[in-house]
Amino acid sequence: MTSVKRLSLLAAALVLAGCASVSPDGLRGDVQQQTQSRLPKDAQLPSSDANAKSDEQKRIGEWLQKPVDQDAAVRIALLNNPDLQAQLASLAVEDAERAQALTLFNPTLTLGRFTNAHEREIERELAIGLVNIITLPWRSRWLGWQMERATLQASQNVLTVAADTRRAWLRAVAAEQTLEANEKMNDAAQLGAELARRMAAVGNFNKLQQARELAIAQESAAQLSRARLNATLEREQLARLMGLWGTQTAFALPKQLPAIPKTASELRSGDDAEATALRERLDLRALRRDLDVTADRGGWSRVGAVFGDIGVTYSNNRATDRESGHVEKTRGWELELPLPIFDWGGSASARTRAEVQRSAAQLQSAALRARSESRTNWARYRTAWDLAHQQQAEVLPLAKQVQDETVLRYNGMFDSVWQLLAQARTTTQA
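Every value quoted in this text rests on a predicted model; they were computed, and no experiment measured them. (Residues numbered from 1 in each chain as written. Predicted model: local features only at pLDDT ≥ 70, side-chain atom pairs only at ≥ 80, totals over all residues. Heavy atoms only, no water.)

Taken as a whole and assessed by the stated rule, the structure comprises 17 salt bridges. Taking the shortest distance from any N to any O, the salt bridge between R226 and E219 comes out at 3.3 Å. Across the salt bridge formed by E373 and R281, the nearest N and O atoms sit 2.8 Å from each other. Highlighted residues: E373 in helix α11 (residues 346-411) and R281 in the loop between α9 (270-280) and α10 (282-307), separated in sequence by 92 residues. Connected via shared salt-bridge partners are E94, R149 and D290. (Salt bridge = Lys/Arg side-chain N within 4 Å of Asp/Glu carboxyl O. Helix = DSSP H or I, 4+ residues; strand = E, 2+ residues; numbered from the N terminus.)

What follows concerns a positive patch on the surface. Together, R124, R318, K329 and R331 make up a positively charged patch on the protein surface. Note on placement: R318 falls in strand β3 (residues 311-321). According to the relative accessible area criterion, R318 is partly exposed, its value standing at 36%. (Patch = residues over 30% accessible without salt bridge, like charges linked within 9 Å, V, L, I, M, F, W, Y side chains within 5 Å. Areas by Shrake-Rupley, 256 points an atom, 1.4 Å probe, with all protein chains shown as cover. Lys, Arg positive; Asp, Glu negative; His and termini not counted. Charge placed at Lys NZ, Arg CZ, Asp CG, Glu CD. Buried < 20%, exposed > 50% of the residue type's maximum accessible area, 1.4 Å probe, protein only.)

Scanning all chains against the criterion turns up one aromatic pair. Ring geometry for W378 versus Y381: centroids 5.9 Å apart, planes at 40°, classification tilted. Within this pair, W378 and its partner Y381 are both found in helix α11, separated by three residues, close to a single helical turn. Here W378 falls in the buried class, since its relative accessible area comes to 12%. Residue classification places Y381 among the partly exposed residues on the basis of a relative accessible area of 31%. In this structure, R235 is placed above the aromatic ring of F251, and the distance from its NZ or CZ to the ring centre is 4.2 Å. (Phe/Tyr/Trp six-rings, centres within 6.5 Å; stacked < 30°, edge-to-face > 60°. Lys NZ or Arg CZ within 6 Å of the ring centre and 35° of its normal.)

To continue, consider the confidence of the model for the chain. Residues with a pLDDT of 70 or more make up 87% of the chain, whose mean pLDDT is 82. Ranking the elements of the chain by mean pLDDT puts helix α1 (residues 3-18) last with 51 and helix α4 (residues 70-80) first with 93. (pLDDT = per-residue confidence, 0-100.)

By the secondary structure assignment, L287 is in helix α10. With 80 residues separating them along the chain, L287 and A367 place their C-alpha atoms 9.6 Å apart.

On the surface, a nonpolar cluster with roughly 320 Å² of combined accessible area is contributed by L109, L111 and L126. Looking at the secondary structure, you find L111 in strand β1 (residues 108-115).

By the secondary structure assignment, E125 is in strand β2 (residues 119-129). It is 6.6 Å that separates the C-alpha atoms of E125 and L111, two residues lying 14 residues apart in sequence. Discounting chain neighbours no more than four positions away, the residues touching E125 are T108, L109, T110, T313, Y314 and S315. (Contact = heavy atoms within 4.5 Å.)

With that out of the way, let us pick up unusual backbone geometry. Positive phi outside glycine occurs at L27, with the angle close to 70°. In this fold, L27 is placed in the loop between α1 and α2 (28-35). Its identity as a non-glycine residue notwithstanding, D42 has a phi of 70°, on the positive side.

Within α4, nine of the eleven residues are buried, which leaves the element mostly enclosed by the surrounding structure. Where α4 is buried, its residues touch α3 (53-64), α5 (82-102), α7 (136-201) and α8 (207-241).

Before going further, it helps to examine the packing of α2 against α7. Between α2 and α7, whose axes approach to 9 Å, the crossing angle comes to 60°. On the basis of the axis angle, α2 is oblique to α7. The interaxial crossing formed by α2 with α7 has right-handed handedness. Across the interface between the two elements, D30, V31, Q34 and T35 of α2 pack against T151, L152, A154, S155, V158 and L159 of α7. Residue composition of the contact of α2 with α7, grouped by class: five nonpolar, four polar and one charged. (Axes fitted to C-alpha atoms, helices over the stretch in contact; angles between N-to-C directions. Parallel < 35°, antiparallel > 145°, perpendicular 65-115°, else oblique. Left-handed = near helix turned anticlockwise from the far one by under 90°. Nonpolar A, V, L, I, M, F, W, Y, C, P; charged D, E, K, R; others polar.)

Here it is as structure tokens:
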């Protein structure tokens, strides 16, 4: 095999080794796989294809034509939230940067033409950096780990948007139910105030009694205004997370919240919640992978700082004598080696050690925060579940019983209309 063929095969091998492909969907498929089990059925991430946007908007329009339940709100947010779209686009940017970093540097071709009174010389040099080729397998592994970390972080962002949308939906529906209850209480209070005015006009009510009923009506009207504002704000927050604007914000919500779960979570204690968080939280897995990358690259930092500029050059020069026409060709190789006289890589090693310590501390801090959040969230959840069941099983039946008894006593002329109206407000509040 001639030297030319050998060089051609070597160049082809280097080109194939240095070419890295970019994910067609910007790694959105990997994010979808990581999050699918924790999202509503048929929930999809926005496509990176601009032609698919119209189909996504059509699906969103169909969901908005009927009352938006919790799962539909999450589906709309995943497709339409602009912040999430920006984060997924950033993941695609990182993937493109990874592919660029794994692509070998283009060789440098140097052409020169020099003449004098006796000869004409033509120089041709082809140079390429060796370190970029030698370290390709290790860089491929490091960048693969980094993209795994970036994918996990993007998946965590998707789950965060879904969780925020669920909470916003619950708050919006609860705010509308609270507004409806305040409207009923305000109707009762305004009815009492009107009755107090009429009784005072005919002399059956003194000014103190009338003032008390008017104060109740004014306070009820103020509570109604606050409830109406809160319902508007919670609805706007939900619309913002779903990426809706214009006429889309006129969507309807269900009249009531979902039923309270009959049993508490399968987690039996805060310790179970803590273990689950450490095992399944994607942000912790991303920080672990970041620590692996930083620690693995530590051994190469000093070598790279010292020998990062090694290069090889192939020369093919031709000199022509002007008088005799004699042509002399010279070919050869040059190897460029940096001399470690001033920089022995000590600073690079110190930086790597500090980066490893920083990554380890960040992982420890995130793990401690995850442990604490899991315990406190479990305590909040369990307390809320207990209170909700107490409200449903004890408080509401008792309030209904008191209301029924008050009506009976009013019909028997044992209680006044004021006691009936006051109990109506209390029952509605419960």
